[in-house]
Amino acid sequence: MFYKRDKNEQRLRRHRRVRGKISGTPEIPRLSVFRSTKHIYAQIIDDTTGNTLCAASSVENGFSGNGGNVEGAKLVGEMIAEKAKKLGIESVVFDRGGYVYHGRVAALAEGARDNGLKF
């Protein structure tokens, strides 16, 4: 009998494999991305202490746009970069969360880069 794997299970497996190789430090934290069908979320995390330093998402009150498309993802990337600047964070390690670097994930990264975040 043929067994088809769950797509989210495969994504989580890829995410665990990547997370074994990258980690956020206080100097260079990790920019983590999660996307659902309707929204996109981004967090900047210090893995040594396990603290989320700042976060932005398409669910926030100040968000004007649709988190389920590329334009909304770019806005979230710009929001997270602005919040990082306020905290004095200039460079991060990008964690794509097991997703393909394409579409909304790439747009979020471009939005963050355009507002001065380096990775």
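Above: the structure in question.
Residues numbered from 1 in each chain as written. Predicted model: local features only at pLDDT ≥ 70, side-chain atom pairs only at ≥ 80, totals over all residues. Heavy atoms only, no water.

Draft legend 1. Spatial organisation of the side chain of Ser-58. Structurally, Ser-58 is set in the loop between strand E3 (51-57) and helix H2 (70-87). With a relative accessible area of 8%, Ser-58 lands in the buried category. A distance of 2.9 Å separates polar atoms of two side chains, one belonging to Ser-58 and the other to His-39. Ignoring anything within four residues of it in the chain, the contact list for Ser-58 reads Lys-38, His-39, Ile-40, Phe-63, Gly-67 and Val-76. (Helix = DSSP H or I, 4+ residues; strand = E, 2+ residues; numbered from the N terminus. Buried < 20%, exposed > 50% of the residue type's maximum accessible area, 1.4 Å probe, protein only. Polar contact = N/O pair within 3.5 Å; in protein donor to acceptor, adjacent residues only side chain to side chain. Contact = heavy atoms within 4.5 Å.)

Draft legend 2. Highlighting the pattern of salt bridges. If you walk through the whole model with that rule in mind, you get 6 salt bridges. Counted as one network, the salt bridges with shared partners bring together Arg-19, Arg-30, Asp-47 and Asp-95. (Salt bridge = Lys/Arg side-chain N within 4 Å of Asp/Glu carboxyl O.)

Draft legend 3. Fine view of the nonpolar core. Counting residues in each nonpolar core, the largest one holds 24 residues, and the members touching the most others are Leu-31, Ile-44, Val-76, Ile-80, Phe-94, Leu-108 and Leu-117. Of all elements in the fold, only strand E1 (30-35), strand E2 (40-46), E3, H2 and helix H3 (104-114) reach the threshold of two or more residues within this core. Ranked by residues supplied to this core, first place goes to H2 with 6 residues. Contact partners of Ile-80, with chain neighbours within four places excluded, come to Leu-31, Ala-42, Gln-43, Ile-44, Cys-54, Ala-55, Ala-56 and Ala-112. (Core = buried A, V, L, I, M, F, W, Y, C linked by side-chain atoms within 4.5 Å.)

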